[in-house]
Amino acid sequence: QSQEVSQARIDYHVALQALQEHGTRMVCTGKMHTDRICRFDYLCYCSEAEEFVFFHSNSSVMLPNLGSRRFQPALLDLSSVEDHNTQYFNFLELPAAALKFMPKPVFVPDVTLILNRFNPNNLMHVFHDDLLPAYYTMKQYLDLDDEARLVFMEGWSEGPHFDLYRLLSNKQPLLKEQLRNFGKLMCFTKSYVGLSKMTTWYQYGFVQPQGPKANILVSGNEIRQFARALMEKMNITRPEEADRDGGSVEEETDKKDQYIVVFSRSTTRLILNEAELIMALVQELQMKVVTVSLEDQSFSSIVQVISGAAMLVSMHGAQLITSLFLPRGAAVVELFPFAVNPEQYTPYKTLASLPGMDLHYVSWRNTVEENTVTHPERPWEQGGIAHLEKEEQERILASKDVPRHLCCRNPEWLFRIYQDTRVDLASFLDVLREGMKSKPSLKKSRAASIVHPGRVREPQCQTSVQTSSEARLTVSWQIPWNLKYLKVREVKYEVWIQEQGENTYMPYILPQQNYTFSENIKPFTTYLVWVRCIFNKSLLGPFADVLMCRT
Ligand code: UDP
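Rules behind the numbers
- Residues numbered from 1 in each chain as written.
- Predicted model: local features only at pLDDT ≥ 70, side-chain atom pairs only at ≥ 80, totals over all residues.
- Heavy atoms only, no water.
- Axes fitted to C-alpha atoms, helices over the stretch in contact; angles between N-to-C directions.
- Helix = DSSP H or I, 4+ residues; strand = E, 2+ residues; numbered from the N terminus.
- Parallel < 35°, antiparallel > 145°, perpendicular 65-115°, else oblique.
- Left-handed = near helix turned anticlockwise from the far one by under 90°.
- Contact = heavy atoms within 4.5 Å.
- Nonpolar A, V, L, I, M, F, W, Y, C, P; charged D, E, K, R; others polar.
- Disulfide = S-S within 2.5 Å.
- Buried < 20%, exposed > 50% of the residue type's maximum accessible area, 1.4 Å probe, protein only.

Details of the packing of helix 7 (residues 274-285) against helix 12 (residues 425-436)
Alright, step 1. In the contact formed by helix 7 and helix 12, the axes pass within 11 Å of each other and the chain directions differ by 40°. Classified by the angle between their axes, helix 7 and helix 12 sit oblique to one another. Of the two possible hands of crossing, helix 7 and helix 12 adopt the one that is right-handed. When helix 7 is examined against helix 12, the residues Glu276, Leu277, Ala280, Leu281, Glu284 and Leu285 are found in contact with a partner set consisting of Leu425, Phe428, Leu429, Leu432 and Arg433.
Alright, step 2. Among the residues forming the contact of helix 7 with helix 12, the class breakdown is eight nonpolar, no polar and three charged.

Some remarks on the state of the cysteines
Alright, step 1. Throughout the structure, instances matching the rule amount to four disulfides.
Alright, step 2. Two residues, Cys28 and Cys38, share a disulfide whose sulfurs are 2.0 Å apart. In this structure, the disulfide formed by Cys28 and Cys38 twists by about 100° around the S-S bond and is classed as right-handed. With a gap of ten residues between them, Cys28 in strand 1 (residues 25-29) and Cys38 in strand 2 (residues 37-46) connect regions that are remote in the sequence.
Alright, step 3. For Cys28, a relative accessible area of 17% translates into the label buried.
Alright, step 4. By relative accessible area, Cys38 is classed as buried at 0%.
Alright, step 5. Here Cys461 connects covalently by a disulfide to Cys549, the sulfurs 2.1 Å from one another. Between Cys461 and Cys549, the S-S dihedral sits near -105°, and the bridge is therefore left-handed.

Don't take any of this as a statement about function, it's just geometry.
Shown next as structure tokens:
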């Protein structure tokens, strides 16, 4: 025992000396606070002040060194939600010499990822804002492995989905309130601060009405790999992927084994005739229907069921994030209450429509006012409107469409989104039939068909002048280097021809590797010519270096 203690003392002594001599070191990626993640040696946290502390010494490093721009508005976003003013990260500074007068620090030996969860009570937010970004931030930095420590600084308690956060690493995540248990001053030996926003696809409407992010950088492939990793951690065995490589679920599996999942909500935004809806689905699609709800099942048993389903039917709501566990080729059917336009609330549609997600998305909207049940008497956060002026209440009650609005407290929106709905089966089945007509083929998702062409090689032009008003321009090139290793259904080439000095160009699509242009080609003129390859109509390659062709 004495050996253990002295060992710990030596380590402690070494760590303390390193902190005193070298201070804190920070090196970050990202030009802006919104795309920054920082790595620290010896970042400290003072629980009394509830502040992180950077200790300056002769060998400390702070990159970027922003001076007071570090506060305009912050060093970085601590959550994955872009530029939210409640989610900023910064630190205080002290000279390392001040350590002499401070409480003895406690050192955290684990490599630590420090972040804010955005809304741990809501399952959609848990996955979209926290789990996916944390998972891929950990993939970005190799030392954030299974033994990494996660620290959640948003200040909330564990929340209903803490078990999901536990799946990210083998070590118990720490909450802000637990940090004081480590004493007044704790220092993280190695830590990363911030989350990658690369995987997020939705913005919640803080500055403009909610909708898909402007520049989505994630594909279904990354979402599915994350889903697979999480399922492995939950010990869920999936139906064999190979079964459905070749075609749609219908073609491959026996129809009798297929089933529909109805994800029901038990407290708010109810489907009032759920039993009827289920009967209609059984009759229409000749499949079994299974219902699940967050109130009745463990999350992992829900994922187990969903991961084998052919269709997921649910009211709009956070539970629909579980569609990321559906097998390829499955359908998502999202129901919307009266006066709520499905086109304006698309987190699940956007997810289902990510390239390579290979889900089929259909929405239905209640258009019959008699079939909605409102709750004007409820508290405002559940859509109650009793607290509003009489006129405003009447305006809301008369409105048949919630106008576009910002997050998060628009009373008309909350009133409408928390309605219960009796689903009109005839219109529901119409939407279902119409929507399922165009089931996408799964062949698209095969590896060979996501490969983009390389540049065409050895592009050349030859010119000749026929008469004082006619000329010819012959352009030729070799196939892209990667094409000889691929089986591509359709290979085409696109040629752009621009007369020098003009700001328009003529585009041509060609099946062959050379072509002689004579229309609109003038003698004694310089043309700029770009050539690129296109696989299967939509996979565009890069343009080769521009050709300068003088007739
Ligand atoms: N929730 C649920 N059953 C209900 C109502 C809500 O399981 O009857 C869950 C819901 O899936 C989400 C959380 O409780 O994870 C918060 O629901 P809320 O209605 O506030 O958010 P929304 O579903 O509209 O995103």
